[in-house]
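Observations on chain architecture
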Amino acid sequence: MTASDVDPTPNPQDGAVGRSATGGDGPASDKRPSHRSYHHPAAGWGAAKSVGRVLIKERALFEGPRAILKMNHENGGFDCPGCAWPDDTKGLKLDICENGIKHVTWEMTGKRVGADFFARHTVSELSEWSDFALEDQGRLTEPLVYDEASDRYVPITWQDAFALIGRELRALNSPDEAAFYTSGRLSNEATFLYQLMAREFGTNNLPDCSNMCHEASGRALTAALGTGKGTADLKDWETADALFVMGVNAASNAPRMLTALAEAYRRGAQIVHVNPLVEAAATSTIVPHEFTDMALFKATRTSTLNLQVRAGGDMALLRGIAKAVLEESRSDPKALDKEFIERHTHGFEAYRELCEATSWEELEEQSGLPRADILKAAEIYSRSDRTLISWCLGLTQHEHGVDTVREIVNVLLLRGNLGREGAGPSPVRGHSNVQGNRTCGIDHRPRPEFLDRLADVCRIDPPREHGMDTVDTIEAMNQGRVKVFVGMGGNFVLAAPDTAYTSQGLRNCELTVHVSTKLNRSHLVHGRKALILPCLGRTEKDHQRRGLQSVSVEDSMSMVHLSVGMKKPASPHLLSEPAIIAGMARATLPESSTPWESYVEDYDRIRDTMAKVLDGFEDFNRRVRLPLGFRIKQPARELVFLTPSGRAEFSAAPLPEAPPRDDVLVLQTMRSHDQWNTTIYSDNDRYRGISNLRTLILMNGDDMRARGIKPDSLVDITATARDGSQRHLKRYTAIEYSMPRGCAAGYMPEMNVLVAASDYSKQSNQPLMKNIKVRVAPSAED
Ligand SMILES: Nc1nc2c(c(=O)[nH]1)N[C@H]1C(S)=C(S)[C@@H](COP(=O)(O)OP(=O)(O)OC[C@H]3O[C@@H](n4cnc5c(=O)[nH]c(N)nc54)[C@H](O)[C@@H]3O)O[C@H]1N2
Ligand SMILES: Nc1nc2c(c(=O)[nH]1)N[C@H]1C(S)=C(S)[C@@H](COP(=O)(O)OP(=O)(O)OC[C@H]3O[C@@H](n4cnc5c(=O)[nH]c(N)nc54)[C@H](O)[C@@H]3O)O[C@H]1N2
Ligand SMILES: [Mo]
């Protein structure tokens, strides 16, 4: 056990958002930071204890447990607003996890932040508070407008707030001077109204959090299979005999996957984890709802092979697997599924040649893995009849994210691992409804067929030009081309890259509007005029004129189901998201023939319209009320490929550029166990053995020694962007951690200051949040 004192000074670039002097975004207690290895199984009692602490802290000891029993319940109950992992289909009633509970409790907190609070604190003063402290004030209770004279947020009526938005939007020279951001929790119904409002107003500027998340997956799967989603469902997870888990920290970010992995291990499946770090999900777990195992501390393994790939080296590993399978096929024709390749795919020969032409030396160098390890993975793959490959941000937030996901499909196609049970690609999506947002129209590059139907059914004339995504919006705000920013949930200023530049962009706006449940940094980094519009959370009852309403969401595996709030709203002045959108729309488009008010009276009416516009939503109102909802049809799953060739497409992309050779490290920014994106619950990261510290950088021990960095000492980090510009973080604590040389890791959102807004993938426009080129040296001020 080691410990060190930290006193990180505020970063000059952080100053742009006025972060607290404590450095990190968490609570920053004066407890001493510490680090030790974590040897316990994931989930289990550590998780149970942590849940108890959260319930007490959020004053939700009574409501909390009651709500948890209602979560993810077939027939009623609300959908967990945590991750997008699907609900168990076997009638399991307690399909919950520690982090889902934390998340729900965070929304259900007994704390409130009302007008009296804002009367006491100026915005400049609040800007000095930590992000933790801001959200810790509790739920927002009434609409607020920024008053420049007093530098305070003051109450405003809903009508006046909508009128202000309408005035500002109508005053723009072009609808494209507005951008409408979505964070991935928005329900399907609200999503549909939101995109309708933007398009009726006249813009496709619909940036969303998925631009930073799975944009690469969507583009790759669309190009390869003609559908932007994974084809596997939970049943496939339950029947696969080899599972590859790539670039995801499942124990923290998709904890319900642990159950699937433990079950897979018990049935003798092979489980390969590919990650520069050995995350907790790659060891063992105690499945939380298996009470006997909990009582007996009986853990189940969740891995049969761990490959510590070099950052960004996954594509080379996958190509190595393909190369080995192709080599094997020379002596064993069954190594390939020739019939599948011939009947259903296109581009195989070019891919075969490319694999053959790629040398093992290059694959080893790029992946950071010895050939023997690549061959082990290949052997598991070729011995398995049913293989499923899952992935998350470790693969997508790189320059070659799209190529890597396509390489996953290439590997699957070789052995016909598509369109049958236990097989297929399975991206682990992020926010609980991020997939539904895309399905229901949040897309800055909408398909013409979608727009045609929208035009037809809703009698509007939607713009046809592509709109702006997240990185384009940041640039446009800075150049004065976007003047109104509306954030439908989320915390744009902290989630986006280049905190200083994004702040400047938001400050440049005429009007910023945030529809939120809690106070966050984005409210403080505002435009000339600014509104905070508080909304109902997913756990709360939504009463409208025609009774109690429910909304729907789509999980990672294309299941759409209803979510019904059960709790009294945090304040009588909250509006639902559909009501807020309708209010903004009516004020902006007074002549609109869209029945905004009628939609809000009864969400069934929104669903009836959605059923006519969206593929796969026929008979929506009936099917969404089935006990487990319904699965949106996946053509690729039925081996119907909506690609130009009508077949699944192999890709033949070159491997990315070689890893940096000099003293540059590839830094990835990730989540701790105790955070939900920009919401930080504590400064601990239990599974990585870290306590009371977020301003850290995890490094390989040899890389530390080569730079004269002592364990747990303070370092300065300099990131060099492609355009040569440099960004700094000072006085971070360097911690030795098992990972390949040349890699480093730290936490988002603190490290977003290091990601240049201009450093995004040309393939997907995703910011390179897992691939920041940095130099690290002992702190100059130490
Ligand atoms: N509790 C909780 N749950 C969440 C979230 C949360 O913040 N908290 N966020 C939600 C959201 S929006 C999302 S998108 C998901 C994110 O889920 P994750 O993708 O798990 O998110 P990160 O914390 O960024 O972790 C990235 C993982 O990829 C690994 N990695 C980094 N670089 C590479 C690489 O080059 N190759 C490989 N193979 N691995 C690499 C890292 O070591 C880490 O394990 O989780 C969702 N669920
Ligand atoms: N460096 C780095 N940056 C990253 C990432 C990374 O891995 N590294 N990951 C990226 C990814 S994958 C994502 S998805 C983004 C996340 O980006 P966002 O989705 O923008 O951020 P969140 O932190 O999830 O948003 C939290 C806020 O949402 C509001 N909120 C919570 N519940 C509700 C609700 O029900 N309704 C409404 N209207 N508001 C609500 C609360 O006010 C809360 O403060 O961050 C991205 N940024
Ligand atoms: Mo995400």
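Residues numbered from 1 in each chain as written. Chains lettered and ligands numbered in written order. Predicted model: local features only at pLDDT ≥ 70, side-chain atom pairs only at ≥ 80, totals over all residues. Heavy atoms only, no water.

In the nomenclature of an unreviewed UniProt entry, the protein chain is known as Formate dehydrogenase of Streptomyces corchorusii. Its UniProt record gives the protein chain a comment under Sequence similarities (unreviewed entry), which states: "Belongs to the prokaryotic molybdopterin-containing oxidoreductase family." (UniProt positions renumbered as here; feature names shortened; annotations may be inferred.)

Section: the environment of Thr222
Mapped onto the elements of the fold, Thr222 is located in helix α9 (residues 215-225). Thr222 gets classed as partly exposed once you look at its relative accessible area, which sits at 41%. With 184 residues separating them in the primary sequence, Thr222 and Arg406 have C-alpha atoms 9.7 Å apart. With near-sequence residues (within four places) excluded, Thr222 lies in contact with Thr227, Gly228 and Thr643. Here the side chain of Thr222 touches Gly218 through a polar contact of 2.6 Å, landing on its backbone oxygen. (Helix = DSSP H or I, 4+ residues; strand = E, 2+ residues; numbered from the N terminus. Buried < 20%, exposed > 50% of the residue type's maximum accessible area, 1.4 Å probe, protein only. Contact = heavy atoms within 4.5 Å. Polar contact = N/O pair within 3.5 Å; in protein donor to acceptor, adjacent residues only side chain to side chain.)

Considering the pattern of salt bridges
Scanning all chains against the criterion turns up 45 salt bridges. As a salt-bridge pair, Asp702 and Arg705 come within 3.1 Å of each other at their nearest N and O atoms. Note that Asp702 and Arg705 are positioned in helix α31 (residues 701-706) at a spacing of three residues, about one turn of the helix. Relative accessible area serves as the criterion here: at 39%, Asp702 is assigned to the partly exposed category. Overall, Arg705 belongs to the exposed group, its relative accessible area being 54%. (Salt bridge = Lys/Arg side-chain N within 4 Å of Asp/Glu carboxyl O.)

Digging into the sheet that holds strand β17 (residues 484-488)
The strand order β7-β6-β19-β18-β17-β8 describes an open sheet built from six strands, whose pairing is mixed. In this open sheet, the two edge strands, each paired with only one partner strand, are β7 (152-155) and β8 (178-182). Adjacent strand axes in the sheet meet at a mean angle of 20°, parallel and antiparallel pairs treated alike. Here six bridges tie strand β18 (residues 511-516) to strand β19 (residues 529-534), and the two strands are oriented parallel to one another. Bridging from a neighbouring strand, His514 pairs with Ile532 of β19. (Pairing = 2+ DSSP bridges. Axes fitted to C-alpha atoms, helices over the stretch in contact; angles between N-to-C directions.)

A few points about the packing of helix α14 (residues 314-331) against helix α17 (residues 360-367)
Taken N-terminus to C-terminus, the directions of α14 and α17 make an angle of 150°; their axes are 8 Å apart at the nearest point. Accordingly, the angle class assigned to the pair α14 and α17 is roughly antiparallel. Handedness of the α14/α17 crossing: left-handed. Across the interface between the two elements, Ala316, Leu317, Arg319, Gly320, Lys323, Ala324 and Glu327 of α14 pack against Trp360, Leu363, Gln366 and Ser367 of α17. When grouped by side-chain class, the residues that make up the contact of α14 with α17 number five nonpolar, three polar and three charged. (Parallel < 35°, antiparallel > 145°, perpendicular 65-115°, else oblique. Left-handed = near helix turned anticlockwise from the far one by under 90°. Nonpolar A, V, L, I, M, F, W, Y, C, P; charged D, E, K, R; others polar.)

Here we look at the packing of aromatic side chains
Inspection of every chain in the model, using the stated rule, returns 15 aromatic pairs. Here Phe180 and Tyr194 contribute two aromatic rings whose centre-to-centre distance is 6.0 Å and whose plane-to-plane angle is 90°, an arrangement assigned as edge-to-face. Taken together, the residues span a long stretch of sequence, with Phe180 in strand β8 and Tyr194 in helix α8 (residues 188-201) at a distance of 14 residues. Of the residues examined, Tyr194 reaches a relative accessible area of 0% and is grouped as buried. Plain terms: the ring middles of Phe617 and Phe630 are 6.0 Å apart, the flat faces sit at 90° to each other, and that makes the pair edge-to-face. Within this pair, whereas Phe617 is found in the loop between α29 (603-613) and α30 (620-623), its partner Phe630 is found in strand β24 (residues 630-631), the two being separated by 13 residues in sequence. For Phe617, a relative accessible area of 0% gives the class buried. According to the relative accessible area criterion, Phe630 is buried, its value standing at 5%. In this structure, Arg185 packs its charged tip against the face of Trp676, placed 5.8 Å from the ring centre. It is Arg623 that lies over the ring of Phe630; its NZ or CZ is 4.1 Å from the centre. (Phe/Tyr/Trp six-rings, centres within 6.5 Å; stacked < 30°, edge-to-face > 60°. Lys NZ or Arg CZ within 6 Å of the ring centre and 35° of its normal.)

With respect to unusual backbone geometry
Across the junction of Met748 and Pro749, the peptide omega takes the value -5°, indicating a cis bond. Mapping Pro749 onto the fold places it in the loop between β33 (743-747) and β34 (772-778). For Leu639, which is not a glycine, the phi torsion comes out positive at approximately 60°. Along the chain, the position of Leu639 falls in the loop between β24 and β25 (648-649). Exposure remark for Leu639: the relative accessible area of 25% places this residue in the partly exposed category. Even without being a glycine, Asn765 presents a positive backbone phi close to 65°. As for its placement among the helices and strands, Asn765 is situated in the loop between β33 and β34.

Here we look at the packing of helix α23 (residues 470-478) against helix α25 (residues 499-507)
Here α23 crosses α25 at 55°, and the two axes come no closer than 7 Å. Accordingly, the angle class assigned to the pair α23 and α25 is oblique. In this structure, the crossing between α23 and α25 has a hand that is left-handed. Counting all contacts with α23, which are made through Ile474, Glu475, Met477 and Asn478, the residues of α25 involved are Tyr501, Thr502, Gln504, Gly505 and Leu506. Looking at the contact of α23 with α25 residue by residue, the class counts come to four nonpolar, four polar and one charged.

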